[in-house]
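Each chain, letter by letter, is given below.
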Amino acid sequence: MNLTNDDVVEILKLLDESPYDELDLTTSRFRLRLSRGEDGWTEESVIGDADLPQSDAAQPVGATADAKQSEPGLYDLYPPLPGTFYRAPKPGADPFVEVGDAVSEDSTVGIVETMKLMNSVPAGVNGTVVAILAENGSMVETGQPIMQIRLDDA
Amino acid sequence: MTIRRLLIANRGEIACRIIRTCRRLGIETVLAVSEADTASRAAREADATVVIGPAASAESYLNVGKVVAAAQSVEADAIHPGYGFLSENAALAEAADAAGVIFIGATAEQLRGLGDKLSARQLALDAGLPVVPGKASDDPDDVMAFAESEGTPILLKAVAGGGGKGIYRIDSPAEVGPQLSMAQAEAKAAFGDGSVYVEKFIESGRHIEVQVLGDGKRAIHLGERDCSVQRRYQKLIEEAPAPGLDATLRDELRAAAATFAETIGYRGAGTVEYLVDEQAGEFYFLEMNARIQVEHPVTEMLTGIDLVEQQIAVAEGRPLVFSQDDIRLNGHAIECRLNAESPDKGFMPSPGTIRRARFPAGAGIRVDSFAQAGAVIPPNYDSLVAKLIVHAPNREDAVVAMRSALARCRIEGIATNVALHLELLDDPSFATGGVDTRFLDRFLARREAA
């Protein structure tokens, strides 16, 4: 936006005295949306100066896919967060698990690095690793399984 | 030389911040972006963008060759490295120099001298600053003697370590032998250099830092900031001036920072960080950050000075226009860092797409952010989404103003720590002011227990 903080403060001084509670100003250079609430004025912006999103309803935050079974007895493991997937605790160390390894609910099977933090990925189930679907060092998304585990009871 | 076109080698809120000043000064901006940031707010606000690599920082924002090549390809007069990334990287300063592009920051020599913890300590000592008692040593008897004379606990620090890593605590002289060997081995493995130095462990203190500005010949200070509210060495709330700090101590540490910067002929904006032990009435030099810092807006609110503008002026070779007496510090300012994380879920990061971004507006309020409805917070970089800054005539009013400002924030689509900030502002110790660096850990422990 081409308005400075000081510009907005100036505009607000004018608006403050007015009976208006909302301003939606569009020019060729910017769109400015100001709104007066109980606590004072707020400014809201949208990419590309588009209209405000309609609904105020709470949306699920970073929704992760529920555990799905691609076939009975086979568990798809999804990463808890998007980020960079590592198969070993440190570069050069042995991977946490290989195909054929037994895992339990709390076994750490990998690490996802997100926003500079390392997050352990637990297996979440008791079983045996049958497939590793993401490469070491690759970017993974929450909707894409990184491992398949054959469940113990199956 | 006048800078007419500037390559900004950074992203997120600081990229937007630098663009704002450039726009006011009539400087053309070209933003270097990774593939993850091509649709970012900064990309749209810059006059032009140049893609320098894939999302991974090592192949884009941290790549000296690509940054310099980008500057040359767009015929930029200068590179602004922001903070983090390559902002304190001597190799970038030198490569820019060799390519005939101005590096907005300290000289390569200063970056090297201040980047190495031991040499920085020595520079500080030479300039007459107090440093935490310590010495470089790889001899167990030597370290044991130090532990006995200074008392324990003591800290072993890897010389080549950084970012809070490579630090080992020793609680009794008996632990020295085994701990020293282990520290040396781990340091060698992690940083390629097994050298360690030993330091007295200061149990608690306040993290107080002083903003300085130097033109290579003269240096002045712009007051201090209190950044004691930290979690794992990451600052969460910063304010200026430092509440309740003894006036004599305050004047001393401010003056010492300016003296230090001037002694080393410092060029640009920098920050001298101290640990202040109020009970002992002592302050100790920790390190100097040779770049602009995240929390610089707090100082700008008090002084009315645009630090990015000053950085550019110094880089153009112009002498400082201010004398120390010209600097006025008015009122009180507080900054809250809004991060994409869930404090209730162990501070789990929350990358994603923002559905709604509503911020407070008005006199005494400043929001530095790249957040907008539709903006993507990628998982590849840090979690800072917005800096909320308020300025008021005194601290009490500033705290009230910040509460009101936080209450007006509506960020949806990602998790943020806004609620945690509101709780912190209500904490009686914070309200009184002058908390130490362990305050936030204690607060979080109580919160978890509840």
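Owing to the predicted nature of the structure, the values given are computational and were not obtained by experimental measurement.

**Details of the overall build of chain A**
- The helix and strand tally for chain A stands at one helix and eleven strands.
- Each helix (α) and strand (β) of chain A, taken in turn from the N terminus, gives the series α-β-β-β-β-β-β-β-β-β-β-β.
- Taken across its 154 residues, chain A has 35% of its residues classed as buried.
- For chain A, the proportion of contacts with a sequence separation of at least 24, taken over those separated by at least 6, is 50%.

**Focus on the overall build of chain B**
- Each helix and strand in chain B was counted, giving 15 helices and 23 strands.
- For a compact globule of 450 residues, the expected C-alpha radius of gyration is about 22 Å, and chain B comes in at 22 Å, within 12% of that figure.
- Projected onto its principal axes, the C-alpha coordinates of chain B cover approximately 60 × 55 × 45 Å.
- Looking at chain B as a whole, 58% of its 450 residues qualify as buried.
- Contacts spanning at least 24 positions in sequence make up 65% of the contacts within chain B whose residues lie at least 6 apart.
- For chain B, the accessible area works out to roughly 16,900 Å², and carbon and sulfur atoms hold 49% of it.
- Taking the average location of the 47 positive side-chain charges in chain B and that of its 63 negative ones, the two points are 7 Å from each other.

**Remarks on the interface of chain B and chain A**
- Taken residue by residue, the interface counts 41 residues in chain B and 32 residues in chain A.
- Together chain B and chain A conceal approximately 2,900 Å² of surface at their shared face, both sides included; 56% is due to carbon and sulfur atoms.
- By the criterion of area lost to chain A, the three top residues of chain B are P349, R355 and P379 of chain B, representing 19% of everything that side buries.
- Between R356 of chain B and E44 of chain A there is a salt bridge; the shortest N-O distance is 2.7 Å.
- Where chain B touches chain A, the interface holds ten residue pairs in polar contact (both at pLDDT 80 or more).
- Only α2 (41-45), β17 (348-349), β19 (356-360), β20 (365-369) and α12 (395-407) of chain B provide two or more residues apiece to the side of chain B that touches chain A.
- Looking at the side of chain B that touches chain A element by element, the count peaks at five residues for β19 of chain B.
- Classifying every residue of the side of chain B that touches chain A gives 22 nonpolar, eight polar and eleven charged.
- Pairing geometry for strand β3 (residues 40-44) of chain A and β19 of chain B, over three bridges, is antiparallel. Its bridge partner being in β19 of chain B, T42 of chain A is matched across the sheet by P360 of chain B.

**Some details on the nonpolar core**
Residue and element names in this part refer to chain B.
- Residues I3 and L6 are the most contacted members of the largest nonpolar core, which totals 77 residues.
- Residues within four places of L6 in sequence aside, it is in contact with I18, C22, I27, E28, T29, V30, A76, A78, I79, H80 and I104.
- Among the nonpolar cores identified, the runner-up in size contains 51 residues, and V50, A127, A242 and A256 belong to it.

**Section: the pairing of strand β9 (residues 196-200) of chain B**
All names here are of chain B.
- The buried fraction of β9 amounts to four of the five residues, a majority that puts the element mostly inside the structure.
- As paired strands, strand β6 (residues 134-136) and β9 are joined by three bridges and run antiparallel to one another. Opposite A136, over in β9, you have Y197 as the bridge partner.
- As paired elements, strand β7 (residues 154-158) and β9 share five bridges and run antiparallel to each other. Looking across to β9, one finds that K157 is bridged to Y197.

**Looking at the sheet that holds strand β15 (residues 332-339) of chain B**
All names here are of chain B.
- The eight strands lie next to each other as β14-β13-β10-β11-β12-β15-β22-β20, forming an open sheet whose pairing is antiparallel. With one partner strand each, in any of the chains shown, β14 (282-289) and β20 form the two edges of the open sheet. Sheet twist, expressed as the average angle between the axes of neighbouring strands with direction ignored, equals 25°.
- Alignment of strand β11 (residues 219-231) against strand β12 (residues 234-240), held across four bridges, turns out to be antiparallel. Each residue of the ladder has a partner; that of D226, found in β12, is E239.

**Examining the side chain of D306 of chain B**
Residues and elements named next belong to chain B.
- Its place among the elements puts D306 in the loop between α10 (296-303) and α11 (307-315).
- Separated by 2.7 Å, the side chains of D306 and T21 make a polar contact.
- In terms of polar contacts, D306 uses its side chain to reach the backbone amide nitrogen of V308, at 3.0 Å.
- Beyond its immediate sequence surroundings of up to four residues, D306 is in contact with R17, T21, R24 and E300.

**Section: the confidence of the model for chain B**
- With 99% of its residues at a pLDDT of 70 or more, chain B shows a mean pLDDT of 94.
- In the predicted complex, the global pTM is 0.91; the interface-specific ipTM is 0.83.

**Considering the packing of aromatic side chains**
Residue and element names in this part refer to chain B.
- This structure, assessed with the given rule, holds six aromatic pairs over all chains.
- Between the aromatic rings of F439 and F443, the centroid separation amounts to 6.1 Å while the plane-to-plane angle is 45°, which identifies the pairing as tilted. Taken as a pair, F439 and F443 lie in helix α15 (residues 439-449) at a separation of four residues, close to a single helical turn. Accessibility classification places F439 together with F443 in one group, the buried group.
- Through a chain of ring-to-ring contacts, three or more aromatic side chains come together here, namely Y61, F85 and Y381.
- The cationic tip of R11 hangs over the ring face of F370; the distance from NZ or CZ to the ring centre is 5.9 Å.
- When the ring centre of F347 is taken as origin, the NZ or CZ atom of R231, which lies over that ring, is 3.8 Å away.

**As for the packing of helix α4 (residues 90-98) of chain B against helix α5 (residues 108-115) of chain B**
All names here are of chain B.
- The interhelical angle for the contact between α4 and α5, taken along N-to-C directions, is 175°, at an axis separation of 8 Å. Considering the angle they form, α4 stands roughly antiparallel to α5. Counted together, A90, A93 and E94 of α4 and A108, L111 and R112 of α5 form the full contact between these two elements.

**A look at the environment of I27 of chain B**
Residues and elements named next belong to chain B.
- Mapped onto the elements of the fold, I27 is located in the loop between α1 (12-25) and β2 (28-34).
- Taking the C-alpha atoms as reference points, I27 and A43, 16 residues apart in sequence, are found 16 Å from one another.
- The contact partners of I27, leaving out residues within four places of it in the chain, are I3, R4, R5, L6, C22, D47 and I312.

**A look at the pairing of strand β7 (residues 108-114) of chain A**
Residues and elements named next belong to chain A.
- Counted residue by residue, β7 has five buried out of seven residues, so it is predominantly covered.
- Pairing geometry for strand β5 (residues 83-86) and β7, over three bridges, is antiparallel. Bridging across to β7, Y86 finds its partner in I111.
- Bridge count between β7 and strand β8 (residues 117-122): six bridges; the pairing is antiparallel.

**A closer look at the sheet that holds β7 of chain B**
Residue and element names in this part refer to chain B.
- An order of β6-β9-β7-β8 is seen for the four strands of this open sheet, with the pairing classed as antiparallel. With partners counted over all chains shown, the strands left at the sheet margins are β6 and β8 (167-170), one partner each. If you compare each strand with its neighbour and ignore which way they point, the axes differ by 20° on average.
- Those strands touched by helix α7 (residues 140-150) are β6, β7 and β9, and its axis lies near 10° from that of β9.
- Lying over the sheet, helix α8 (residues 176-191) contacts β7, β8 and β9, oriented at roughly 175° with respect to β8.

Quick notes on the rules
Residues numbered from 1 in each chain as written. Chains lettered and ligands numbered in written order. Predicted model: local features only at pLDDT ≥ 70, side-chain atom pairs only at ≥ 80, totals over all residues. Heavy atoms only, no water. Helix = DSSP H or I, 4+ residues; strand = E, 2+ residues; numbered from the N terminus. Buried < 20%, exposed > 50% of the residue type's maximum accessible area, 1.4 Å probe, protein only. Contact = heavy atoms within 4.5 Å. Rg over C-alpha atoms; globule rule 2.2 N^0.38 Å. Areas by Shrake-Rupley, 256 points an atom, 1.4 Å probe, with all protein chains shown as cover. Lys, Arg positive; Asp, Glu negative; His and termini not counted. Charge placed at Lys NZ, Arg CZ, Asp CG, Glu CD. Buried area = accessible area lost by both parts, 1.4 Å probe. Salt bridge = Lys/Arg side-chain N within 4 Å of Asp/Glu carboxyl O. Polar contact = N/O pair within 3.5 Å; in protein donor to acceptor, adjacent residues only side chain to side chain. Nonpolar A, V, L, I, M, F, W, Y, C, P; charged D, E, K, R; others polar. Pairing = 2+ DSSP bridges. Core = buried A, V, L, I, M, F, W, Y, C linked by side-chain atoms within 4.5 Å. Axes fitted to C-alpha atoms, helices over the stretch in contact; angles between N-to-C directions. pLDDT = per-residue confidence, 0-100. Phe/Tyr/Trp six-rings, centres within 6.5 Å; stacked < 30°, edge-to-face > 60°. Lys NZ or Arg CZ within 6 Å of the ring centre and 35° of its normal. Parallel < 35°, antiparallel > 145°, perpendicular 65-115°, else oblique.

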